[in-house]
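Observations on the model geometry
What follows is the residue order along each chain.
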Amino acid sequence: MSTFADRRDTRRIIVGPEFGISFTLKGHAYQEVRITNLSTGGCFALVGVRDARLFERGAVLESLVLLHPELPKQPIIAAVSYVLGGRLTADPLEMVGIGIQFLGMDDDAQASLDTWVTASVASQQN
């Protein structure tokens with residue numbers, strides 16, 4: 001049986017502060033949420049600890065949009081894969097890390113994201 005770690009896309013690209021996402025979760029709109037890495041299958045985002053309770057594993061993120069000029073703008077259906085930090089700790093963190101898996105994406109957007117990731121991997125190897 002494969003684990004989540006086995007299924008993760010190994011072509012994850014570390015991204016800078018100019019990369020973000022927006023989405024809706026349980027009726028709450030999130031704008032310009034910082035992401036720290038991106039792959040064709042998902043991303044890792046940082047949210048405030050006050051909102052961590054909404055980000056349960058399996059929670060659906062609706063109308064997720066990648067906020068960077070080089071990335072596709074079509075809405076993506078995504079889900080929370082895991083949550084890191086912010087729970088039951090003596091010294092709670094200010095931010096919580098959220099692993100996000102892309103579930104549904106337009107074919108053109110998927111192709112565009114794949115092209116961007118492939119080009120980014122190639123440029124990092126040079």
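The following paragraphs examine the structure supplied in this document. (Residues numbered from 1 in each chain as written. Predicted model: local features only at pLDDT ≥ 70, side-chain atom pairs only at ≥ 80, totals over all residues. Heavy atoms only, no water.)

1. Quick notes on the nonpolar core
- Counting residues in hydrophobic clusters, the biggest one holds 34 residues, and the most contacted among them are Ile 21, Leu 38, Phe 55, Leu 64, Ile 100 and Phe 102.
- Listed by contribution, the elements that provide at least two residues to this core are β2 (20-25), β3 (28-39), β4 (42-48), β5 (60-67), β6 (76-84), β7 (95-104) and α2 (107-125).
- In terms of residues, this core owes the most to one element, α2, which gives 5 residues. (Core = buried A, V, L, I, M, F, W, Y, C linked by side-chain atoms within 4.5 Å. Buried < 20%, exposed > 50% of the residue type's maximum accessible area, 1.4 Å probe, protein only. Helix = DSSP H or I, 4+ residues; strand = E, 2+ residues; numbered from the N terminus.)

2. A look at the pairing of β3
- Across 2 bridges, the pairing between strand β1 (residues 13-14) and β3 is antiparallel. Across the sheet, the residue bridging to Ile 13 is Leu 38, located in β3.
- Across 5 bridges, β2 lies against β3 in antiparallel orientation. From the neighbouring strand, Gly 20 faces β3, where its bridge partner is Arg 34.
- Here β2 folds back onto β3, and the loop between the two strands holds 2 residues, one of which, Lys 26, carries a positive phi near 50°.
- Bridge count between β3 and β4: 4 bridges; the pairing is antiparallel. Bridged to Leu 38 within β4 is Cys 43.
- As consecutive antiparallel partners, β3 and β4 are separated by 2 residues. (Pairing = 2+ DSSP bridges.)

3. Some words on a nonpolar patch on the surface
- Nonpolar side chains collect at one region of the surface, where Val 60, Ile 77 and Leu 103 lie side by side and expose about 250 Å² of accessible area between them.
- Examined against the element boundaries, Leu 103 turns out to sit in strand β7. (Patch = residues over 30% accessible without salt bridge, like charges linked within 9 Å, V, L, I, M, F, W, Y side chains within 5 Å. Areas by Shrake-Rupley, 256 points an atom, 1.4 Å probe, with all protein chains shown as cover. Salt bridge = Lys/Arg side-chain N within 4 Å of Asp/Glu carboxyl O.)

4. Notes on the packing of aromatic side chains
- A full pass over the atoms with the stated rule returns 5 aromatic pairs.
- Ring geometry for Phe 23 versus Phe 55: centroids 6.0 Å apart, planes at 85°, classification edge-to-face. You can see Phe 23 sitting in strand β2 and its partner Phe 55 sitting in the loop between β4 and β5, a full 32 residues away along the chain.
- A connected cluster of aromatic rings, assembled from ring pairs, spans Phe 23, Tyr 30 and Phe 55. (Phe/Tyr/Trp six-rings, centres within 6.5 Å; stacked < 30°, edge-to-face > 60°.)

5. Some words on the pattern of salt bridges
- Taken as a whole, this structure holds 1 salt bridge when the rule is applied.
- We note a salt bridge from Glu 56 to Lys 26, for which the minimum N-O separation is 3.5 Å. Of the two residues, Glu 56 sits in the loop between β4 and β5 while Lys 26 sits in the loop between β2 and β3, which places them 30 residues apart along the sequence.

6. What to know about the environment of Val 47
- Relative to the elements of secondary structure, Val 47 occurs in strand β4.
- Accessibility expressed as a relative area gives 3% for Val 47, which makes it buried.
- Along the backbone, Val 47 and Val 33 are 14 residues apart, and their C-alpha atoms lie at a distance of 6.8 Å.
- Non-local contacts of Val 47, meaning those with residues more than four positions away in its chain, are made with Val 33, Phe 55, Glu 94, Met 95, Val 96 and Ile 98. (Contact = heavy atoms within 4.5 Å.)

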